Amino acid sequence: MLNIVLFGPPGAGKGTQSKKIIEKYHLIHLSTGELLREHMSNGTELGKVAHTYIDQGNLVPDDLVIKMVDVEIDSHPETNGFIFDGFPRTVKQAEALDELLEKKGEKIALMIALDVDEEELKNRLKLRAQISGRTDDQDEERINNRIAVYKKETLPVAEYYEKQSKLKRIKGVGEIDEIFNDICKAIDQVK
Ligand code: AMP
């Protein structure tokens, strides 16, 4: 299996690039943000709990997210691999993911980190708010909180993979296809 973590702040282009990666490499896209939004719109227990955290731009507790990912991985036994998007977002989640995969005789091959500067991110998120209808994209305070949470809780996850020599940084600004090309080069090296 080929398992990749796609990493970057909110608005870095993870969703856009994921779509292209899964098409080319036939992987399952596992986005915890999308899964949580599905739970919310289906009104599940998890969705109800997650709602309050997501709406404020805070992280949903690790144990809930890890359990959700475990179930999702198990529901795709035949896949070539996964592209993890928006997960892991804390070092605890990264450790749990390693454990989950190890039990299945699998591992993370690569973390791709999309680098985008803060001004550009804020502009992209404002633009996205107009088309996505996502409540957590709607006002500046919540966007700023998500970026602050990202810096505090999520940035250390990049170090976690760097220590394992699995981190590849890619410039996330420019033409979508050029960024995708750089991503493909990184993937082809570990395939
Ligand atoms: P995203 O679609 O990845 O931007 O995620 C939207 C929101 O869902 C985040 O701001 C968090 O509140 C929540 N969320 C998504 N993924 C995770 C995760 N791995 N851990 C905790 N909360 C998450």
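How each quantity is defined
Residues numbered from 1 in each chain as written. Predicted model: local features only at pLDDT ≥ 70, side-chain atom pairs only at ≥ 80, totals over all residues. Heavy atoms only, no water. Helix = DSSP H or I, 4+ residues; strand = E, 2+ residues; numbered from the N terminus. Buried < 20%, exposed > 50% of the residue type's maximum accessible area, 1.4 Å probe, protein only. Contact = heavy atoms within 4.5 Å. Axes fitted to C-alpha atoms, helices over the stretch in contact; angles between N-to-C directions. Left-handed = near helix turned anticlockwise from the far one by under 90°. Nonpolar A, V, L, I, M, F, W, Y, C, P; charged D, E, K, R; others polar. Near = heavy atom within 4 Å. Polar contact = N/O pair within 3.5 Å; in protein donor to acceptor, adjacent residues only side chain to side chain. Areas by Shrake-Rupley, 256 points an atom, 1.4 Å probe, with all protein chains shown as cover. Pairing = 2+ DSSP bridges. Salt bridge = Lys/Arg side-chain N within 4 Å of Asp/Glu carboxyl O. Lys, Arg positive; Asp, Glu negative; His and termini not counted. Core = buried A, V, L, I, M, F, W, Y, C linked by side-chain atoms within 4.5 Å.

Glancing now at the side chain of arginine 146. Examined against the element boundaries, arginine 146 turns out to sit in helix 7 (residues 140-163). By relative accessible area, arginine 146 is classed as buried at 9%. Here arginine 146 is in contact with Pro10, Gly57, Leu125, Arg128, Arg134, Asp136 and Asp137, once residues within four sequence places are set aside.

Here helix 2 (residues 32-42) crosses helix 3 (residues 45-56) at 115°, and the two axes come no closer than 8 Å. At the point where helix 2 passes helix 3, the crossing takes the left-handed sense. Facing Leu36, His39 and Met40 of helix 2, the residues of helix 3 in contact are Leu46, Gly47, Ala50, His51 and Ile54. Classifying every residue of the contact of helix 2 with helix 3 by side-chain character gives five nonpolar, three polar and no charged.

The environment of the ligand is formed by 16 residues, the closest being Thr32, Arg37, Asn58, Gly86 and Gln93. Contact distances for the ligand include 2.6 Å between an oxygen atom and a backbone N or O atom of asparagine 58. A distance of 2.9 Å separates a nitrogen atom of the ligand from a polar side-chain atom of glutamine 93. Relative to its free-state accessible area of 480 Å², the ligand is covered by the protein chains to the extent of 96%. Looking at which element gives the most residues to the shell around the ligand, the answer is helix 2, with four residues. Across the shell around the ligand, the residue classes tally to six nonpolar, five polar and five charged.

Before going further, it helps to spend a moment on the sheet that holds strand 5 (residues 167-171). With respect to topology, five strands assemble into an open sheet ordered 2-3-1-4-5, the strand pairing being parallel. Edge positions in the sheet fall to strand 2 (28-31) and strand 5, since each of these pairs with one other strand and no more. Pairwise comparison of adjacent strand axes, ignoring direction, gives a mean angle of 20° for this sheet. Note that strand 1 (residues 4-7) and strand 4 (residues 110-115) share four bridges and pair parallel. When the bridges of strand 4 are listed, valine 5 appears paired with methionine 111. Strands strand 2 and strand 3 (82-85) of the sheet are contacted by helix 4 (residues 62-74), whose axis makes an angle of about 160° with strand 3.

With that settled, the discussion passes to the pattern of salt bridges. The full count for this structure, using the stated rule, is 11 salt bridges. Across the pair lysine 20 and aspartate 177 runs a salt bridge, and its minimum N-O distance is 2.9 Å. In this pair, lysine 20 is assigned in helix 1 (residues 14-25) and aspartate 177 in helix 8 (residues 176-190), connecting sequence segments 157 residues apart. With a closest N to O distance of 3.4 Å, lysine 48 and glutamate 45 form a salt bridge. Of this pair, lysine 48 and glutamate 45 both sit in helix 3, three residues apart, which is roughly one turn of the helix. For the pair formed by lysine 48 and glutamate 45, the shared burial category is exposed. Connected through shared salt-bridge partners, Asp70, Asp74 and Lys104 make up one network.

Attention now moves to the side chain of aspartate 98. Its place among the elements puts aspartate 98 in helix 5 (residues 91-103). Despite its burial, aspartate 98 remains without a salt bridge, the nearest opposite charge being carried by lysine 166 at 5.2 Å. Setting aside residues no more than four positions away along its own chain, aspartate 98 makes contact with Ile108, Tyr160 and Gln164.

Now for the nonpolar core. Nonpolar side chains in soluble globular proteins generally cluster together in the buried interior. Core analysis: the largest hydrophobic core is formed by 29 residues, its most contacted members being Ile73, Phe84, Leu97, Met111 and Tyr161. Secondary structure elements with two or more residues in this core: strand 1, helix 2, helix 3, helix 4, strand 3, helix 5, strand 4 and helix 7. Element by element, the count of residues in this core is highest for helix 7, at five residues. When sequence neighbours within four positions are dropped, the list of residues in contact with phenylalanine 84 reads Asn3, Ile4, Val5, Leu6, Leu30, Val69, Ile73, Leu97 and Ile108. In terms of nonpolar packing, the next biggest core, distinct from the first, is built from 20 residues, Ile83, Leu114, Val116 and Cys184 among them.

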